[in-house]
Amino acid sequence: MITGTTRLYAIVADPITQVRTPEVLNNFFAANGHDGVLVPMHVAANDLADVVNGLRHMKNLGGFIVTVPHKTALAALCDELGGAARSVGAVNAVRREADGRLVGEMFDGTGFVSGLKSQGHDPAGKRVLLLGSGGAAGAIAYALAQAGVGHLTIANRTLSKAHAIISKVQAHFPDARLDAAAADPAGFDMVVNATSLGMREDDALPIDTQLLQPHQVVAEIIMKPEFTALLQQAQQRGCTIHMGRHMLDQQARLMAEFMHGSAF
Ligand SMILES: NC(=O)c1ccc[n+]([C@@H]2O[C@H](COP(=O)([O-])OP(=O)(O)OC[C@H]3O[C@@H](n4cnc5c(N)ncnc54)[C@H](OP(=O)(O)O)[C@@H]3O)[C@@H](O)[C@H]2O)c1
């Protein structure tokens, strides 16, 4: 029931009809007894600044979630950014403070690490090979360093992008042990696919799966298909596999708590 006391939240995107966040977060609010509602807002890139400025003045707005194509543009429209958002240069959730200031943060990485922990795979002290250097990989690298990863190696087709992520993460975590190398899983406890390879049936594998060892955890962030070719082959090699959906499941809770300003 929406009443005069209901707190408002939104997801801002273009296109909008594909988003699942309203179902997920409204269920989450209901399950946690929170008097809030999250609605979809279809906003074109050219209108983003005007809409965000309007939202700033809505006193009963808790915050909003941001997705394609606005994640980078929104970072420039916030008054303050959290550490992950500063490192990645993008936000996916914004909290509106009581005075109208907007605080942005990026939860891709913390969602991924929370997802790992929820399945019993704490990356603290572990040697991790991260494949990819796009937006998601940058956020995951930051969150793994924050979680105390033992050693993080980043492998990417465009190696300069791996080095760029390493510099940004090291600026926040100077003691973190990070390097860039080829996509060879030998010697790692965990391999994380943060490339977009695996979304399409004819995609190449992001790694030579013959090199995987049974003691390794192979984690995916692709959600569709849930059981990517990489995960199938890793499982056949005896590895422990970790699905992409865990990242999104955890992000919902983290973003809701961030916009609410405290844990539920
Ligand atoms: N589970 C979740 O909650 C969640 C959240 C965010 C994203 N994702 C998924 O994560 C994936 C990456 O997203 P993103 O936003 O980081 O994308 P992105 O910024 O476009 O980065 C794509 C990455 O994949 C690499 N790549 C693409 N095609 C390749 C190819 N043919 N060969 C080798 N490498 C290739 C790119 O390498 P180059 O740098 O060399 O181009 C880059 O490292 C997507 O599948 C997305 O759906 C999942």
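All of these numbers come straight from a predicted model, not from anything done at the bench. (Residues numbered from 1 in each chain as written. Predicted model: local features only at pLDDT ≥ 70, side-chain atom pairs only at ≥ 80, totals over all residues. Heavy atoms only, no water.)

**Thoughts on the pattern of salt bridges**
Working step 1: Applying the stated criterion across every chain, the model contains eight salt bridges.
Working step 2: Measuring nitrogen to oxygen at the nearest pair gives 3.3 Å for the salt bridge that ties Arg 95 to Glu 97.
Working step 3: According to the relative accessible area criterion, Arg 95 is buried, its value standing at 19%.
Working step 4: Classification of Glu 97 by relative accessible area gives partly exposed; the value is 25%.
Working step 5: Ionic pairing is found between Glu 257 and Arg 253, a salt bridge with its closest N-O pair at 3.5 Å. With Glu 257 and Arg 253 both in helix α9 (residues 245–260) and four residues apart, the pair spans about one turn of that helix.
Working step 6: Overall, the relative accessible area of 30% leaves Arg 253 in the partly exposed class. (Salt bridge = Lys/Arg side-chain N within 4 Å of Asp/Glu carboxyl O. Buried < 20%, exposed > 50% of the residue type's maximum accessible area, 1.4 Å probe, protein only. Helix = DSSP H or I, 4+ residues; strand = E, 2+ residues; numbered from the N terminus.)

**Some points on the site of the ligand**
Working step 1: Around the ligand there are 22 residues in total, and Ser 133, Asn 156, Thr 158, Lys 161 and Ile 221 lie nearest to it.
Working step 2: Gln 251 places a side-chain nitrogen or oxygen 3.5 Å from an oxygen atom of the ligand.
Working step 3: Here the ligand has 930 Å² of accessible area as a free molecule, and 71% of this is covered by the chains.
Working step 4: Listed by contribution, the elements that provide at least two residues to the shell around the ligand are α6 (135–146) and α9.
Working step 5: With three residues, the top contributor of residues to the shell around the ligand is α9.
Working step 6: Partitioned by chemical class, the residues of the shell around the ligand number nine nonpolar, 10 polar and three charged. (Near = heavy atom within 4 Å. Polar contact = N/O pair within 3.5 Å; in protein donor to acceptor, adjacent residues only side chain to side chain. Areas by Shrake-Rupley, 256 points an atom, 1.4 Å probe, with all protein chains shown as cover. Nonpolar A, V, L, I, M, F, W, Y, C, P; charged D, E, K, R; others polar.)

**Things to note about the packing of aromatic side chains**
Working step 1: Evaluated as defined, the whole model comprises five aromatic pairs.
Working step 2: Both rings, one in Tyr 9 and one in Phe 29, keep their centres 4.9 Å apart while their planes meet at 40°; by these two values the pair is tilted. Within this pair, whereas Tyr 9 is found in strand β1 (residues 7–13), its partner Phe 29 is found in helix α1 (residues 21–31), the two being separated by 20 residues in sequence.
Working step 3: Exposure remark for Phe 29: the relative accessible area of 1% places this residue in the buried category.
Working step 4: Grouped by ring-pair contacts, the aromatic residues Tyr 9, Phe 28, Phe 29 and Phe 264 constitute a single cluster. (Phe/Tyr/Trp six-rings, centres within 6.5 Å; stacked < 30°, edge-to-face > 60°.)

**Examining the sheet that holds strand β5 (residues 93–96)**
Working step 1: Across the sheet, which stays open at both edges, the six strands sit in the order β2-β1-β3-β5-β6-β4 with mixed pairing between neighbours. Looking at which strands have only one partner, the edges of the open sheet turn out to be β2 (36–42) and β4 (80–81).
Working step 2: Looking at chain direction, strand β3 (residues 61–66) and β5 are connected through three bridges and run antiparallel. Bridge pairing links Phe 64 to Val 94 in β5.
Working step 3: With respect to the sheet, α1 is in contact with β1, β2 and β3, its orientation differing from that of β2 by roughly 170°.
Working step 4: Against the sheet, α9 touches β1, β2, β3, β5 and β6 (102–105), its axis set at about 20° to β5. (Pairing = 2+ DSSP bridges. Contact = heavy atoms within 4.5 Å. Axes fitted to C-alpha atoms, helices over the stretch in contact; angles between N-to-C directions.)

**Observations concerning the domain arrangement of the protein chain**
Working step 1: Per the domain assignment, the segments making up the protein chain are domain 1 (7–106) and domain 2 (109–247).
Working step 2: Taken over C-alpha atoms, the centre of domain 1 sits 27 Å from the centre of domain 2.
Working step 3: Listed as interface residues are six residues of domain 1 and, on the opposing side, eight residues of domain 2.
Working step 4: Buried area between domain 1 and domain 2, summed over both chains or domains, comes out near 550 Å², and the portion from carbon and sulfur atoms is 59%.
Working step 5: For the pair domain 1 and domain 2, the number of links is zero salt bridges.
Working step 6: Summed over the shared surface of domain 1 and domain 2, the result is zero residue pairs in polar contact (both at pLDDT 80 or more).
Working step 7: Among the residues forming the side of domain 1 that touches domain 2, the class breakdown is three nonpolar, two polar and one charged. (Domains from an automatic or database assignment. Buried area = accessible area lost by both parts, 1.4 Å probe.)

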